[in-house]
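Spelled out from the first residue to the last, the chains are:
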Amino acid sequence: MNVIETRQLTKTYGRKHALNQFSISVEEKKITALIGRNGAGKTTLLKLISGFDRQTSGELKVFSEKPYNNLKVSANMIFIDDNMNLPSSLNLSQLLIVANNFYDKFDLPLAERLIDYFSLPRTATHQSLSKGMKSTFNMIFGLCSRCALTIFDEPTTGMDSAVRKDFYRALLKDYIEHPRSIVLSSHLLNELIDILEEVILINKGNLIFHLPVEELKSYAIGLEGENELLEELIHSKEIIYKQHIGVKNTYLVIKNDLTKQELVKLGDSGIKVTAISPDDLCVHLTAETKGGIDDVFNQG
Amino acid sequence: MYLTKVNFWKVIFNQYCYKLKSYAGSYTSLVMVQLIAILLSVGGMSHMGGGSSERFDIEVSIYSHALVLIFTMFWAFATAILITTKAYRYEDFNFVTNRITSNMSNILFLLTIGIIGAFTASMSFYLNKIIALLVYDYDYIIYTTNSLAETITGFSSTVLYIFLCGALGYLLGVLVQINRLFGFVIPALFIGELFIGASWYDYSAIVNWISGIYTTEASFFLFVFKVLASLIILFLASITLSNRLEVRR
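Predicted model, so just to flag it, every value in this text is computed and none were measured.

S.K.: Would you mind going over unusual backbone geometry with me for this structure?
M.R.: What is expected of a backbone is that most residues other than glycine have negative phi and most peptide bonds are trans. Residues and elements named next belong to chain A. At Gln21, a position not held by glycine, the phi torsion is positive, near 45 degrees. Along the chain, the position of Gln21 falls in strand β2 (residues 16-27). Of note, the phi angle at Asn69 is positive, near 55 degrees, even though the residue is not glycine. Among the structural elements, Asn69 can be located in the loop between β4 (57-62) and α2 (71-76).

Structural data, given as structure tokens:
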């Protein structure tokens, strides 16, 4: 069954298309990452899914229902981001108790153990926490709610690297024990890649791809070699990224649809073939120009 | 997939309990507002002059908790506006909610603070007298004792007045959330009418109209009916209008 289904989903703010004819379906009980540059439309998509905002056009179903202002969706979904507005009149322990009353599957003992592990002061208010600590608390809040659909919008903002690693591990462990659908939006794909099953790449409100991580790892390859040699070999291929190295050499990223013979041929002619990490791939695919930042400096 | 079933009333109840705790700031402001009102009424609401003869003078000071009540009504009005602001509305959406449950739990909260406000305001009636006794050197304090039925009608109408102010504030708050202009236009019209009314006709049409409906009603049941009808209209308008707002950005 699909947890999230969108068809031709469009959201405009004024004239700007935050989401443009966006169609995806996310199966249940998977960990999916939503990747995109700043302003790509990640948060817009997640807020529509969470039922916080209404789409301009198109169709959107969460648990086969329209999520906007929907109590059933709200009870089975939690949206965690870094602008969570929690009351200053309650301390962290009290907030967890409130959450425990609201969410049927909330695991209060686990939440308390996690709070102690990350040494968050139980009697502090949410407002008095530092940025990273706030994110840590929000993460615990989201994780322990055990909602059928758990959405984290850039959950690691401000967390140090140790906490981030712990977070990924906690997420994975809890997911294995209580499988549920988890959607994460993040900039740090490399850190996340080991716990992910699927990746959705979005750019300027458009879907670039929605792929299992395994396919993503072999989606593209990098080639490095002499200019003429490369041009001759890959003249008909789709170039994702191009960078000049020195005067004679070029580094190319192309879609990996080469046959075995072609690969052998490349190797024989002295061209270096490298794998492309999913993170680099996403950066290349969403770049404004084929040459990246270098193009800006090469104008003059 | 196993999904949690939602019980509409249970969600409202949960939200209501949560709001009673998390909106704790409103109790502090109630105490402040009532203390100020009590201090202001220590001097007595009105004085009746000294009939004096060779042997004695009489000076009568009348004490009432009317000022405390008026202040409490303003407090309910302001608190209701406050809970319609973005920060408070968004808070609800950290937990299980939709707009109806959010509005319903707000209404229950306003009713509860109406009861609390009415209770403490009524109690201030006694505090007022004790302070007067301590501050001034009075010989007699005369007060009326009410029958149980009178006390109950008195208390419930106090609750209703405060709740009505809350409902009015809630509607104004929702209007301001829809368009900030309402925040300037409505008070300006209201206060403007008061001034113009006072200087041209010696009375304000709005105030006359409102007091004609609510404060001069002789029958208690008719009064209750009128207030309940007004409450329903005000809250229905607020709920309908709040549907125009985005849920959360």
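S.K.: Quick question: what am I supposed to make of the interface of chain B and chain A here?
M.R.: Many authors give the size of an interface as the accessible area that is lost as the parts come together. Between chain B and chain A, the residue contacts involve 32 residues of the former and 36 residues of the latter. Summed over both partners, the interface of chain B with chain A comes to about 3100 Å²; 60% of that surface belongs to carbon and sulfur atoms. On the surface where chain B and chain A come into contact, there are one salt bridge. For Lys10 of chain B, the salt bridge goes to Asp104 of chain A, with nearest N and O atoms at 4.0 Å. Connecting chain B to chain A are eight residue pairs in polar contact (both at pLDDT 80 or more). If you list the elements that add at least two residues to the side of chain B that touches chain A, you get α1 (8-22), α4 (86-92) and α5 (99-135) of chain B. Taken together, the residues of the side of chain B that touches chain A break down into 15 nonpolar, nine polar and eight charged.

S.K.: Sorry if this is basic, but what is going on with the nonpolar core here?
M.R.: Note on soluble globular proteins: their nonpolar side chains tend to be buried together. Formed by 68 residues in total, the largest nonpolar core has its most connected members in Phe106, Phe137, Ile140, Leu184, Leu196 and Phe209 of chain A together with Phe95 of chain B. Beyond its immediate chain neighbours, meaning those up to four positions away, Phe209 of chain A contacts Val199, Ile200, Leu201, Leu216, Tyr219, Leu281, Cys282 and Leu285 of chain A. Of all hydrophobic cores here, the second largest spans 29 residues; its members include Leu30, Ala76, Ile113 and Phe235 of chain B.

S.K.: I'm lost on a nonpolar patch on the surface in this one. Help?
M.R.: All names here are of chain B. Together, Leu108, Leu111, Ile115, Phe119, Met123, Tyr126, Ile130, Leu134, Val135, Tyr136 and Phe155 give the surface a local cluster of nonpolar side chains, amounting to about 1000 Å² of exposed area. Within the secondary structure layout, Tyr126 lies in helix α5. You can call Tyr126 partly exposed: its relative accessible area is 47%.

S.K.: It is not clear to me how the sheet that holds β2 of chain A should be interpreted in this structure. Could you clarify?
M.R.: Strand pairing in a sheet takes place through backbone hydrogen bonds and is either antiparallel or parallel in direction. All names here are of chain A. Read from one edge to the other, the open sheet built from three strands follows the order β2-β1-β4, with strand pairing classed as antiparallel. One side of each edge strand has no neighbouring strand; the edge strands of this open sheet are β2 and β4. Within this sheet the neighbouring strands show an average axis-to-axis angle of 15 degrees, counted without direction. The pairing of strand β1 (residues 2-13) with β4 spans five bridges and is classified as antiparallel. Its bridge partner lying in β4, Arg7 is registered against Glu59.

Reading the values: rules and limits
Residues numbered from 1 in each chain as written. Chains lettered and ligands numbered in written order. Predicted model: local features only at pLDDT ≥ 70, side-chain atom pairs only at ≥ 80, totals over all residues. Heavy atoms only, no water. Helix = DSSP H or I, 4+ residues; strand = E, 2+ residues; numbered from the N terminus. Contact = heavy atoms within 4.5 Å. Buried area = accessible area lost by both parts, 1.4 Å probe. Salt bridge = Lys/Arg side-chain N within 4 Å of Asp/Glu carboxyl O. Polar contact = N/O pair within 3.5 Å; in protein donor to acceptor, adjacent residues only side chain to side chain. Nonpolar A, V, L, I, M, F, W, Y, C, P; charged D, E, K, R; others polar. Core = buried A, V, L, I, M, F, W, Y, C linked by side-chain atoms within 4.5 Å. Buried < 20%, exposed > 50% of the residue type's maximum accessible area, 1.4 Å probe, protein only. Patch = residues over 30% accessible without salt bridge, like charges linked within 9 Å, V, L, I, M, F, W, Y side chains within 5 Å. Areas by Shrake-Rupley, 256 points an atom, 1.4 Å probe, with all protein chains shown as cover. Pairing = 2+ DSSP bridges. Axes fitted to C-alpha atoms, helices over the stretch in contact; angles between N-to-C directions.

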